[in-house]
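Report on the structure
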Amino acid sequence: MDASLDDLDHDYAASVAERAMRGMAEQRIPPTPNNFAVWFHYFAGSNDDLRNAIDLLIDHNRPFDAGINQDLFVTYVAPSAGAVASETSERLHGLMGAAKEFLATAIADNHSQIQAISEVADQGQAGVDPKALVAQLMNELARAATRATRLEAGFAEKTRELDVIRDSLTKSEQRARTDTLTGLANRRALDEFLRKAQTTADWGEPLSVLLLDIDHFKTFNDNFGHGVGDQVLRLIAKVLREKVREQDLSARYGGEELIAVLPDADLAACTEIAERIRRAIGECKITRRSTGEVLPNITVSIGVAQYRAGETIADLVERCDRALYLAKGGGRNRVVTETELDRAWAAG
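Predicted model only: the values in this text are computed from it and were never measured. (Residues numbered from 1 in each chain as written. Predicted model: local features only at pLDDT ≥ 70, side-chain atom pairs only at ≥ 80, totals over all residues. Heavy atoms only, no water.)

**Here we look at the overall build of the protein**
Looking only at helices and strands, one finds 12 helices and 5 strands in the protein. With 348 residues in all, the protein has 40% of them scored as buried. Counting contacts in the protein only where the partners sit at least 6 residues apart, residues at least 24 apart contribute 68% of the total. Roughly 19100 Å² of accessible area belongs to the protein as shown, and the carbon and sulfur atoms make up 54% of that amount. (Helix = DSSP H or I, 4+ residues; strand = E, 2+ residues; numbered from the N terminus. Buried < 20%, exposed > 50% of the residue type's maximum accessible area, 1.4 Å probe, protein only. Contact = heavy atoms within 4.5 Å. Areas by Shrake-Rupley, 256 points an atom, 1.4 Å probe, with all protein chains shown as cover.)

Structure representation (structure tokens):
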């Protein structure tokens, strides 16, 4: 939670809490602690990214299901990232301190070794027995080798610790950008990718988006249960991830809606990929794990749109969304592009 929210006075905090509860009731969101934290932040205006994400969901009449609520909390509110950063900072400080000690020891040992070898050299000039000098020199070199081995082992151990920290940071960042159910990118990662893609598109490179919705998914959930519905959603997410190109981003947009952003792809290229996705999903055979029962085939409707220089990302997604709903209104299990939107509009 944002520490600045702890400074709110009682009356204002109470009014924000009341609006949060009312907002959740309007969207039929369970008033759990995590959900309340999300909506308190929303009405307190403490997180612009959170406000934009929720406003976009409301504008497009997206249902705030358990997956979306969890994504909003993990992406915009959860303190886990801060906790990881704090723990990592402490561990790094410890490693830096150990590294300083190792270096100081190495420098001190180096000076001692130089001094000892200088003394042996002085004895050689004084006519001391060569055998004794060789023995002394071998002894000093052996001691130096032992110290070097000990230092090398210490450095190797700290290097391994640094690798663990780096891996922990990478996994933490990945979790913060991934939808827990589907394994696709979440809204935070999607928003960041779209902003970068828009910058390139404004310089003239094509940018297209496809928005996918599972046909009759609510009925499917009602008939077979949400556990099977989650299995289906994961399967479709896998198909989407496999069918888009390496440079594209596939993400969960909301509920049973998935989205793919295709930089450097015009409307025709994106439409072709959307058709491949639709056909591949239609060919999937889904088996109920608990009984082995083969379930009815799932189909999807897909809307496709291409970015127009100077417009907002919200405009692009909204146009793609209208194409999707035209596909659903036209019988489902089809791909509709923004071009067909224009024709439908002209036809009245």
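Once the structure has been displayed, the description carries forward.
**Thoughts on the side chain of Glu-338**
Tracing the chain through its elements places Glu-338 in helix H12 (residues 338-346). Since its relative accessible area comes to 8%, Glu-338 is described here as buried. A distance of 3.2 Å separates a polar atom in the side chain of Glu-338 from the backbone nitrogen of Gln-306. If near-sequence neighbours (up to four positions away) are discounted, Glu-338 is found in contact with Leu-267, Val-304, Ala-305, Gln-306, Arg-308, Arg-319 and Ala-323. (Polar contact = N/O pair within 3.5 Å; in protein donor to acceptor, adjacent residues only side chain to side chain.)

**Concerning the confidence of the model for the protein**
A residue-level look at the protein finds 72% of positions with pLDDT of 70 or above and a mean pLDDT of 81. Confidence, read as mean pLDDT per element, is least for helix H5 (residues 80-125) in the protein (62) and greatest for strand S4 (residues 300-306) (97). (pLDDT = per-residue confidence, 0-100.)

**A closer look at the sheet that holds strand S1 (residues 207-214)**
Reading across from one edge, S2-S3-S1-S4-S5 is the order of the 5 strands in this open sheet, with mixed pairing throughout. Of all strands in the sheet, those with a lone pairing partner are strand S2 (249-254) and strand S5 (335-337), marking the two edges. The sheet shows a mean angle of 20° between the axes of neighbouring strands, direction not considered. Direction of pairing for S2 relative to strand S3 (residues 257-263): antiparallel, over a ladder of 5 bridges. Bridge pairing in S3 places Ala-251 opposite Ile-259. Set on the sheet, helix H9 (residues 226-243) makes contact with S1, S2, S3 and S4; between it and S3 the angle comes to about 10°. Packed on one face of the sheet, helix H11 (residues 313-329) meets S1, S2, S3, S4 and S5 and runs near 145° to S4. (Pairing = 2+ DSSP bridges. Axes fitted to C-alpha atoms, helices over the stretch in contact; angles between N-to-C directions.)

**Side note on the layout of surface pockets**
To find leftover empty space, one rolls a probe the size of a water molecule over the atoms. Looking at the largest pocket, its volume works out to about 730 Å³. Lining the largest pocket are 31 residues, with Pro-63, Asp-65, Ala-66, Gly-255 and Glu-256 positioned closest to its centre. Every element with two or more residues in the lining of the largest pocket is listed here: helix H4 (66-76), helix H8 (217-224), H9, S2 and H11. What the second largest pocket holds in volume is close to 410 Å³. Asn-52, Ala-53, Leu-56, Asp-191 and Arg-195 are, among the 21 residues lining the second largest pocket, the residues nearest its centre. Per element, the largest residue contribution to the lining of the second largest pocket is 8 residues, and it comes from helix H7 (residues 187-201). Its residues assigned to classes, the lining of the second largest pocket comprises 10 nonpolar, 3 polar and 8 charged. (1 Å grid on protein atoms, 1.4 Å probe; cavity = no way out; pocket = protein on both sides within 12 Å on 5 of 7 lines; lining within 4 Å. Points joined across faces, edges and corners; volume = space filled by probe spheres on them. Nonpolar A, V, L, I, M, F, W, Y, C, P; charged D, E, K, R; others polar.)

**With respect to H11**
Between its terminal C-alpha atoms H11 stretches 24 Å, which fits the 24 Å expected from 17 residues at 1.5 Å a residue. Taken together, the buried positions of H11 are occupied by Ile-313, Leu-316, Val-317, Arg-319, Cys-320, Asp-321, Ala-323, Leu-324, Ala-327 and Lys-328. With its phi angle positive at about 120°, Gly-331 sits one or two positions after the end of H11. (Expected span 1.5 Å × (residues − 1).)

**Observations regarding the pattern of salt bridges**
Under the counting rule described, the total for this entry stands at 16 salt bridges. Taking the shortest distance from any N to any O, the salt bridge between Glu-192 and Arg-188 comes out at 3.6 Å. Of this pair, Glu-192 and Arg-188 both sit in helix H7, 4 residues apart, roughly one helical turn. Classification of Glu-192 by relative accessible area gives partly exposed; the value is 23%. Linking Asp-213 and Lys-328 is a salt bridge whose minimum nitrogen-to-oxygen distance equals 2.6 Å. (Salt bridge = Lys/Arg side-chain N within 4 Å of Asp/Glu carboxyl O.)

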